[in-house]
Amino acid sequence: MSELRKRMEQAMVLRGFAERTRAAYLGCIFGLARHTRRSPDSLDVAAIQAYLLHLITEKKLAYSSVNQAVCAIRFLFAVVLGREKLACEIPMARVPKRLPQILTREEVARLFAHCRDVRSRTLLMTTYAAGLRLSEVCALQPADIESAPERMCIKVRQGKGGKDRYTLLSPRLLAALRIYWRAARPRIWLFPQRQRRRADVRQDRPARLPRGARRRRHRQRWGHSHAAPRLRHPSARGRRRHPHHSAPARPRPCRHHDALLPSGPART
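Quick caveat: nothing in here was measured; it's all calculated off a predicted structure.

Rules and cut-offs
Residues numbered from 1 in each chain as written. Predicted model: local features only at pLDDT ≥ 70, side-chain atom pairs only at ≥ 80, totals over all residues. Heavy atoms only, no water. Helix = DSSP H or I, 4+ residues; strand = E, 2+ residues; numbered from the N terminus. Expected span 1.5 Å × (residues − 1). Buried < 20%, exposed > 50% of the residue type's maximum accessible area, 1.4 Å probe, protein only. Phe/Tyr/Trp six-rings, centres within 6.5 Å; stacked < 30°, edge-to-face > 60°. Lys NZ or Arg CZ within 6 Å of the ring centre and 35° of its normal. Contact = heavy atoms within 4.5 Å. Axes fitted to C-alpha atoms, helices over the stretch in contact; angles between N-to-C directions. Parallel < 35°, antiparallel > 145°, perpendicular 65-115°, else oblique. Nonpolar A, V, L, I, M, F, W, Y, C, P; charged D, E, K, R; others polar. Pairing = 2+ DSSP bridges. Polar contact = N/O pair within 3.5 Å; in protein donor to acceptor, adjacent residues only side chain to side chain.

Engineer: Which residues make up helix 9 (residues 171-184), and what are the values?
Structural biologist: Compared with an ideal rise of 1.5 Å per residue, which puts 14 residues at 20 Å, helix 9 spans 20 Å between its outermost C-alpha atoms and is within 8% of the ideal. Every buried residue belonging to helix 9 is among Leu173, Leu174, Ala176, Leu177, Arg178, Tyr180 and Trp181, and all of these are buried. Arginine 185, located one to two residues past helix 9, shows a positive phi value of around 50°.

Engineer: Outline the packing of aromatic side chains, listing residues and values.
Structural biologist: Taken as a whole, this structure holds four aromatic pairs when the rule is applied. Centroid distance phenylalanine 17 to tyrosine 25: 6.0 Å. Interplanar angle 85°. Geometry classified as edge-to-face. When its relative accessible area of 24% is taken as the criterion, phenylalanine 17 is described as partly exposed. The exposure class assigned to tyrosine 25 is buried, which follows from its relative accessible area of 13%. Considering the side-chain rings of phenylalanine 17 and phenylalanine 75, the 5.2 Å spacing of their centres and the 45° angle between planes classify their relative orientation as tilted. Remark: phenylalanine 75 occurs in helix 4 (residues 63-80) and phenylalanine 17 occurs in the loop between helix 1 (2-14) and helix 2 (19-36); sequence separation between them is 58 residues. Overall, phenylalanine 75 belongs to the buried group, its relative accessible area being 8%. A connected cluster of aromatic rings, assembled from ring pairs, spans Phe17, Tyr25 and Phe75. Across the ring face of tyrosine 166, the terminal group of arginine 151 is positioned such that the distance to the ring centre comes to 5.4 Å.

Engineer: Please set out the side chain of threonine 126 residue by residue, giving values where relevant.
Structural biologist: Looking at the secondary structure, you find threonine 126 in helix 7 (residues 118-130). Residue threonine 126 is classed as buried on the basis of its relative accessible area, which comes to 0%. Among all residues touching threonine 126, those that are not within four sequence positions of it are Gly131, Leu132, Val137, Leu140, Leu173, Leu177 and Phe191.

Engineer: Summarise the packing of helix 1 against helix 4; cite the residues concerned and give the values.
Structural biologist: Taken N-terminus to C-terminus, the directions of helix 1 and helix 4 make an angle of 90°; their axes are 11 Å apart at the nearest point. The angle between helix 1 and helix 4 falls in the class roughly perpendicular. Contacts from Leu4, Arg7, Met8, Ala11 and Met12 of helix 1 reach helix 4 at Ala72, Phe75, Leu76, Val79 and Val80. A class-by-class count of the residues in the contact of helix 1 with helix 4 yields nine nonpolar, no polar and one charged.

Engineer: Before we move on, can you summarise the pairing of strand 2 (residues 153-156) with the specific residues and values?
Structural biologist: Across the two faces of strand 2 the burial is the same, with Cys153 and Lys155 and Ile154 and Val156 all buried. In the sheet, strand 1 (residues 145-146) pairs with strand 2 via two bridges, with the strands oriented antiparallel. For glutamate 146, the partnering residue across the bridge sits in strand 2 and is cysteine 153. Following strand 1, the chain reverses through six residues before pairing antiparallel with strand 2; methionine 152 in that reversal takes a positive phi of roughly 50°. In terms of strand pairing, strand 2 meets strand 3 (residues 165-168) through four bridges, oriented antiparallel. Within strand 3, the position partnered with isoleucine 154 by the bridge is threonine 167.

Engineer: Tell me what's going on with helix 2, and back it up with residues and numbers.
Structural biologist: Between its first and last C-alpha, helix 2 extends 26 Å over 18 residues, near the 26 Å set by a 1.5 Å rise per residue. Within helix 2 the residues assigned to the buried category are Arg22, Tyr25, Leu26, Cys28, Ile29, Gly31, Leu32, Ala33 and Thr36. Buried residues belonging to helix 2 abut helix 1, helix 3 (45-58) and helix 4. Directly after helix 2, the chain includes arginine 37, whose backbone phi takes a positive value near 60°.

Engineer: Account for the side chain of threonine 36, naming residues and giving values.
Structural biologist: Tracing the chain through its elements places threonine 36 in helix 2. Taking the relative accessible area as the measure of exposure, threonine 36 reaches 17% and is therefore buried. Here the side chain of threonine 36 touches leucine 32 through a polar contact of 2.8 Å, landing on its backbone oxygen.

None of this, on its own, says anything about what the molecule does.
In structure tokens:
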């Protein structure tokens, strides 16, 4: 398994897979080997399908999680082992599409009001108003906030798929970011990592991703039987630019801390 793992990891590195994708694929193959107690390169289609049924019926995994395992197994057999015929026989499940649950204005305001400090409230407001993923908001830098009147956008670096993009910056969010910047004065990262046993923060590290809350707490706080709704704004997940709209202009070079300052006369 160690030699096969090395070959698979090298194949993913050569194709530019993200680090989290590589770890997820290797974890799926490790789960397959642990369940079958055999080396993955010695398995046939029947053994692989039995493992997928085990994930669905016994482990009660979602179809999206099962499809991730299918993608990892297909990559192993088609790319690493060169057995494309077997990889094509591994089925991909259909994932049901559901509408996102949208929070009301009262729920959003109540969520922001329960934040314990300015940093937490501003982080949540940025996540919701700009439609950012958790990894994206943790990697923001002060220079990514382009607050010029003709710009009003946020630059997202290396988002999903390793792609840069721009998202909207509302005036209300900009006002909240300026209040936070005056109080915290972040240098490298917009939301630096906190010290575990201290009130100060580490300016050299970005904020960590928070752990997911339990379903029980979600039911108590939101009154729903399923997981709490995503904080990411629904319009950001399906936002598309009109074909007649021009692409945003390239960002102008700005100073590290001046992006969050109120616009005024040009500095020399």
